[in-house]
Structures are given as structure tokens and as C-alpha cells.
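Chain by chain, the residues run as shown.
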Amino acid sequence: MARLEIDGISKHFGASRVLEPLSLCVENGEFLVILGPSGCGKSTLLRIVAGLIEASSGELRLDGQRIDDLAPAERDVAMVFQNYALYPHMSVRDNIGFPLRVAGVSHTETAARVAETARTLGLDALLERKPAALSGGQMQRVALGRALIRRPRLFLFDEPLSNLDAKLRDELRHEIGALHSLTQTTTLYVTHDQVEAMTLGSRIALLEGGRLHQVGRPLEVFSRPATSFVAAFLGSPPMNLLRGEVRSGAFELGGSRITGAPVESGEVVLGLRPHEVEFGSSGAAARVEGVERLGHQTLARLSIGAQHAVVCREDLESLAPGQTVHLCFAPRAAHWFDARDGRRL
Amino acid sequence: MSARVLRWVALVVCASLFALPLVYMLSVSLHREGTGLGGSLADLAHDAHPENYGVALEKMGDFPRLLANTVVVTVLSIAGQLLTCSLAGYAFARIEFRGRDALFVAVLATMMLPEQVSAIPRFLVFRSLGMVDTFAPLVLPAVLGGAPFFIFLFRQYFLTLPAELTEAARIDGCGHLRIWWSIALPLARPMLVTVGIFTFLAAWNDFWSPLVYLFSPERSTLSLALASFNRTYDTAVEHMMAASAVVLAPCLIVYFVAQKLFLRGVQVAASKH
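Residues numbered from 1 in each chain as written. Chains lettered and ligands numbered in written order. Predicted model: local features only at pLDDT ≥ 70, side-chain atom pairs only at ≥ 80, totals over all residues. Heavy atoms only, no water.

### Description of the overall build of chain B
- Summing up its helical and strand segments, chain B has 14 helices and 0 strands in all.
- Along its sequence from the N terminus, chain B presents helices and strands in the succession α-α-α-α-α-α-α-α-α-α-α-α-α-α.
- By principal-axis analysis of the C-alpha atoms, chain B measures approximately 70 × 65 × 30 Å.
- Of all 273 residues assigned to chain B, the portion counted as buried reaches 41%.
- Here the analysis covers contacts within chain B between residues at least 6 apart in sequence; of these, 74% occur between residues at least 24 apart.
- When the accessible surface of chain B is summed, it comes to about 15,000 Å², and 69% of that surface belongs to carbon and sulfur atoms. (Helix = DSSP H or I, 4+ residues; strand = E, 2+ residues; numbered from the N terminus. Buried < 20%, exposed > 50% of the residue type's maximum accessible area, 1.4 Å probe, protein only. Contact = heavy atoms within 4.5 Å. Areas by Shrake-Rupley, 256 points an atom, 1.4 Å probe, with all protein chains shown as cover.)

### Let's talk about the packing of aromatic side chains
- Tallied over the full model, the rule gives 19 aromatic pairs over all chains.
- Their ring planes at 25° and their centres at 6.4 Å tell us that B:Phe149 and B:Phe152 sit as a pair that is stacked. Taken together, the positions of B:Phe149 and B:Phe152, both in helix 7 (residues 148–159) and 3 residues apart, correspond to about one turn of that helix.
- If you follow A:Arg273 out to its NZ or CZ, it ends over the ring of A:Phe222, 3.9 Å from the centre.
- Here the basic side chain of B:Arg155 rests over the ring of B:Phe104, its NZ or CZ set 4.2 Å away from the ring centre. (Phe/Tyr/Trp six-rings, centres within 6.5 Å; stacked < 30°, edge-to-face > 60°. Lys NZ or Arg CZ within 6 Å of the ring centre and 35° of its normal.)

### Details of the domain arrangement of chain B
Residue and element names in this part refer to chain B.
- Under the domain assignment used here, chain B contains domain 1 (1–49) and domain 2 (61–271).
- Using only C-alpha atoms to locate each centre, domain 1 and domain 2 end up separated by 31 Å.
- Taken together, the contact between domain 1 and domain 2 spans 12 residues of the former and 10 residues of the latter.
- Approximately 800 Å² of surface area, both sides summed, lies buried where domain 1 meets domain 2, with 79% of it carried by carbon and sulfur atoms.
- Sorting the residues of domain 1 by area buried against domain 2 places Met25, Ser29 and Glu33 first, and these three jointly supply 52% of that buried surface.
- Inspection of the region where domain 1 meets domain 2 yields 0 salt bridges. (Domains from an automatic or database assignment. Buried area = accessible area lost by both parts, 1.4 Å probe. Salt bridge = Lys/Arg side-chain N within 4 Å of Asp/Glu carboxyl O.)

### Some points on the side chain of B:Ser182
- Mapping B:Ser182 onto the fold places it in helix 9 (residues 176–187).
- For B:Ser182, a relative accessible area of 11% corresponds to the buried category.
- Every residue in contact with B:Ser182, bar those within four places of it in the chain, is listed here: A:His89, A:Met90 and A:Phe98.

### Examining the pairing of strand 3 (residues 31–35) of chain A
Residues and elements named next belong to chain A.
- Of all the 5 residues making up strand 3, 5 are buried; the element is thus mostly covered by neighbouring parts of the structure.
- Neither face of strand 3 is open: one carries Phe31, Val33 and Leu35, the other Leu32 and Ile34, and all of them are buried.
- Examined bridge by bridge, strand 3 and strand 8 (residues 186–191) share 5 bridges and lie parallel to one another. Counterpart to Ile34 in the pairing with strand 8 is Val190.
- Pairing between strand 3 and strand 9 (residues 203–208): 4 bridges, direction parallel. (Pairing = 2+ DSSP bridges.)

### Details of helix 2 (residues 51–60) of chain B
Residue and element names in this part refer to chain B.
- Regarding helix 2, the residues found buried are Asn52, Ala56 and Met60. Looking down the long axis of helix 2, one finds its buried residues gathered within 75° of arc, a one-sided arrangement.
- Buried residues belonging to helix 2 abut helix 1 (3–29), helix 3 (63–94), helix 12 (222–227) and helix 13 (237–257). (Arc of directions from axis to C-beta.)

### Some points on the environment of B:Leu144
Residues and elements named next belong to chain B.
- Relative to the elements of secondary structure, Leu144 occurs in the loop between helix 6 (136–143) and helix 7.
- Residue Leu144 is classed as exposed on the basis of its relative accessible area of 66%.
- In this structure the C-alpha to C-alpha distance between Leu144 and Val246, which are 102 residues apart in sequence, comes to 31 Å.

### Some thoughts on the sheet that holds strand 3 of chain A
Residue and element names in this part refer to chain A.
- Taken together, the 6 strands give an open sheet; going across it, the order is 6-7-8-3-9-10, and neighbouring strands pair in mixed fashion. The sheet is open, and its two borders are formed by strand 6 (77–80) and strand 10 (211–216), each paired with just one other strand. Taken over all neighbouring pairs, the strand axes of this sheet differ in orientation by 15° on average, direction set aside.
- Set on the sheet, helix 4 (residues 136–148) makes contact with strand 6 and strand 7 (154–158); between it and strand 6 the angle comes to about 175°. (Axes fitted to C-alpha atoms, helices over the stretch in contact; angles between N-to-C directions.)

### Examining the side chain of A:Arg113
Residues and elements named next belong to chain A.
- With respect to the helices, strands and loops of the structure, Arg113 is situated in helix 3 (residues 107–121).
- On the accessibility criterion, Arg113 (12% relative accessible area) is buried.
- Apart from the residues lying within four places of it in its own chain, the contact partners of Arg113 are Leu100, Ile149, Arg150 and Arg151.

### Details of the packing of helix 9 of chain B against helix 10 (residues 189–205) of chain B
All names here are of chain B.
- At their nearest, the axes of helix 9 and helix 10 sit 5 Å apart, and the two run at 70° to each other. For the element pair helix 9 / helix 10, the angle class is roughly perpendicular. The segment helix 9 lies against helix 10, with Leu185, Pro186 and Leu187 engaging Arg189, Pro190 and Leu192.
- Among the residues forming the contact of helix 9 with helix 10, the class breakdown is 5 nonpolar, no polar and 1 charged. (Parallel < 35°, antiparallel > 145°, perpendicular 65-115°, else oblique. Nonpolar A, V, L, I, M, F, W, Y, C, P; charged D, E, K, R; others polar.)

### Regarding the interface of chain B and chain A
- Opposite the 15 residues of chain B that make contact, chain A presents 23 residues.
- Both faces combined, the contact of chain B with chain A buries some 1,600 Å², and carbon together with sulfur accounts for 64% of it.
- Looking only at chain B, the three residues that lose the most surface to chain A are B:Arg170, B:Ile171 and B:Asp172, adding up to 40% of its buried area.
- Between chain B and chain A we count 2 salt bridges in total.
- Here B:Glu167 ties to A:Arg47 by a salt bridge, and the two come within 2.6 Å at their closest N and O atoms.
- Linking chain B with chain A are 6 residue pairs in polar contact (both at pLDDT 80 or more).
- If you list the elements that add at least two residues to the side of chain B that touches chain A, you get helix 8 (163–171) and helix 9 of chain B.
- For the side of chain B that touches chain A, the leading source of residues is helix 8 of chain B, giving 7 residues.
- Split by residue class, the side of chain B that touches chain A holds 8 nonpolar, 2 polar and 5 charged. (Polar contact = N/O pair within 3.5 Å; in protein donor to acceptor, adjacent residues only side chain to side chain.)

### Re the nonpolar core
- Core analysis: the biggest nonpolar cluster contains 63 residues, and A:Ile6, A:Leu156, A:Leu188 and B:Ile183 have the highest contact counts within it.
- Membership of the second largest hydrophobic core comes to 41 residues, among which are A:Phe31, A:Leu86, A:Leu164 and A:Val230. (Core = buried A, V, L, I, M, F, W, Y, C linked by side-chain atoms within 4.5 Å.)

As C-alpha cells, this is what we get:
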């Protein structure tokens, strides 16, 4: 276990800035998920921590000790890759035991630790197989085993479940969570999947365009997004973001004046979660453009003037396209953001 | 006629064209001494002379020693070539250093230099090192990575390996030398076989270097001994062809044994980057 401090780390490739100076701390035994869309710099950050690429500026400390000038092998970290990165010419046994062999651990101890790791991951029966003879889930388990066997101070995961189908993804996600509970090793986990972030992370760090938007516990980030990007990125369907003008403290939307805006005037963005909006007899008028019945719930796609919104409810059986509905919501369901920079108001 | 039949006909014609010189060589080698190059295959049915092979080996001199010398030179050349060319290829593919690409272009540019151009300076160097009439001038160029084409082949092959493999190995504690040995080389088997076969053929059939550097009969190689059959007035073509067939046999055996891996190596080299 260890405490990782990322202090002002940035990265640029020539003129292209991939990571803005970023500071973050992963506490002892914590499972921190870095969440963001493709190209946001999350894998770059992970690779900097692993030592695979060099940061343009900033410092990395593990338990207070500078590690940014150490080679990857000297940082005492283990990494699980999206594409498994198993050595194709080695058996499962050799793949798992490889880091110990390189470290010069004795054959007897290596064999014992491989057996123990394989047992933990349910790989006992596959030890003599080559990676080509394994399924995607099995390959990722072997990759996990190769990381686990080293008993590192820090685990790094680079979108480890992205190449798996939905069922396997759920299964392995649960296993990774269980393994973390078992080992309590400090973990930095990169993903673009909000379900993985919400279910696995002790905390989530949201990254976009190389910029850190928010760090917090999953429910805290979900219920109080710091920016409109975070609001739109977390949740399925995503939060509705409706741009409009506040005049004399009231937000004008669909012919209705909504009070509760935290500013007196100016352009703002109103954020509403699809499941927190109801239809009533008064409120902002919207036209139903489409209805998608998913069985346990129904999605109504609405247009409010030139803007679009989605409402998600269980009680919309009678709704049909072309109808006009009125939106109402509790004041605490409204999230207000600055229209210029997206920050929460 | 279906496309499949046409393909077969084309293959048989091509195979026949390539096999013809071999068949001709074997045919001449079995004819009665003095028949020359004009004998027909039909004559062999009632007048074949396999004893030509025994006579040819006798004429070559100390055949076991010639064979041993050639094997030593070939094996050392293959080992040296595989070792240094794969190392250089790995460095050009996987290690980032200043001037890497320019250096690679410079290495490739040396391919344009015919061997004969550097023959005299090279001879002078080896003579000053006291290595003339030893196997060193035949083997050292291979050991020192003197084959830019093979470096190029290895580099192309290593470029096809996923970067995650080397990254995973780095995190697992490997330096570049260990990655090259434990990860890259075992995965480059087709390329090792391809370069191995090319080097084998070049070293086994090399006539130029042994002719320039080897003077003592006890250091002679098979190719030099083969050349000694060619005389102005008394060339026994049948014996020369029999000796040629014996010298050629290992080349054919090596190719057929390693054929599959060789083709895979050539395909990769031809298709990537």
C-alpha cells in the first residue's frame, strides 16, 4: 500500500498540449478512477505514473519519495493493459511468473506464488495453455495475475475491460473490486465507462481535454457535478443541459419562468437529470418527438424550442409523438452552470 | 477450364522451369565420364554411373575437412548474423535515441556499396590484424552486423510487435537487453529462420571471400574445392556436377525443412511498413 501524489504533472507533444498541469492524490489503499472520454489524457497520465513516458513538468511521489526519475521497474508498480499485453510465446504459468523470474526470485518461491495467484483468479486449470488458447476474459485474468503476483505498492489499470463483451465486463469488474477489497492495494484505474467508475471507485477524477474537472466520491460527483461537462458525462441517459437567459432572477424556458437560478441575470445552463423531470399541467412546454419503451421504463425525446431534452419515467404508457407536455421538477433537481465556462453556479 | 486447373498448370510450369537445372545437373552427374553436357536422360536407364560421386569426392581432396571448414564458417556466420542484426534491428525499432532514423538511413545506404569496392581496404585491414588465412575475415563481418538488409528485416519485424508487450516487459522489470532476449527474439522465429537461411546460403556458397583470404589447403572450403574442377583442358563435367550436387544438397534440405517459417518471415518483411 502506498500514497501517490501527482503534483503539477503536465504533458505536451511539441505544440500539442495533452495534459494541463494537474495535481491529484491517491490515498493509501484507495481505488481512484480516472474517467473521461477518448483523447482526454487519462492514459497519458497513467503512463506517466508507470514511467512509460516522461512528464513535461511536475513531480510524482510514492509514499513521499520522488519516483518520476526512476525506471518503470524501479517504481514498484504493476500495470494491466487494455490489450492484455500477454507474452504470446509463454504459457499462462510463465506469463504470471515472469516478473518474479526477472526479479531473480527462486524457482520454488515463484512456483508457489504462481500457484497461489492462479488459485485466487481461478486459473489453475489453464496454467499450461498459451494466450492464443484463452478467451478474452481469461487473458485479462492472466494479466491481472501477472500484476498481482508482484505485490506492488501501486496498481495501474488502463481500460482493462474495454475489449470484453458486456457479460464478461460485469463479471471481471466485480472480480477487480473483490481483489481490491482483498489486497487493499492503492489503485489508479483509467476508464471511459461511467459504470466502472461509479461501481469501482472510492473516488472519481473526471478529465476532459487534459483538464481535471472534478474529484470526489462517485455519488457526490453524480449529485453535485462541478461543471456542465461532468453533468453531461455521468448518468445514462445523460443530464439535459438547457441553455437560456436569466432575467430578474427567473430562467425563461418553453414559455415558462423558472425561479431558483443563483444569478439575477445573464446566460446560464440549466441541468436536469432525465429521471428527475415529471409531466404536469403547467411548466415549460415541450413537444414529444419520440417515445422509446425499454420495458422497465420509457424514454421521451422532447423538443423545447430549438433545444432537446430526454425524460425518463416508468409511467409514460399513454405518451405519443406530437403531444405537447409541460415539464415540472423539484427545485433541488435543478443544476445551474455558467454558460461561458460551464462551472457550477 | 476452371481457374483452379489453370493455377495448377501455371504452378507445374514454374516448378518445372526451376527444377530443370537441378535435374540437368543430376543427369550429367550420372553419365559416363567423357559424355559431356550432351547426354540424354534416356541413356541413364541402362547406363547410369553413380560411382561418379565417389570419384568426385576423391578429386575434391580431404572432403571431411572441407566440409568441416565450411560448416564452421557457416555456423559462426549464422550465429553472428542473427545475434548482431537482431540486436541492431531491435534498437532501430524499439529504442528511441537522437539521430536514430538518420543512422538507420545511413546503414541502409551501405547496401548500395558493392562488396568488391571495399575488398582491397578490407583485405589490408585483415592483413594488418594478422587474420589473413584464417576464418576470421569470413566470419567477422557477419558477427559485426555487416548485413544492413538483415538489420532492415529485423527492424521491420520488431515494428510489428505490439508496443504494449515491450511496455509490459519494462514494468515487469526488464531492460532492453532482456526484452530483446526474452520477448522480441522468441517472437521473431520466422525472421530468425529467414535470415538464417539467407546467411546459410551466402556463407555456404561463398566463393569470393575464401578465394581472397584462404591460402592453405587445410583451410579450404567446399566452394573453393568445387572451383578446382574447372580446368582449361581436362574438366570432367560429370564429376564436377556430382560434386556440385553434393555441395548443393544441404541447401535444399535446409530450405525444405524450414520452408514454412521462411515464407512467413518473407511475407512479414514484404507487407509491413
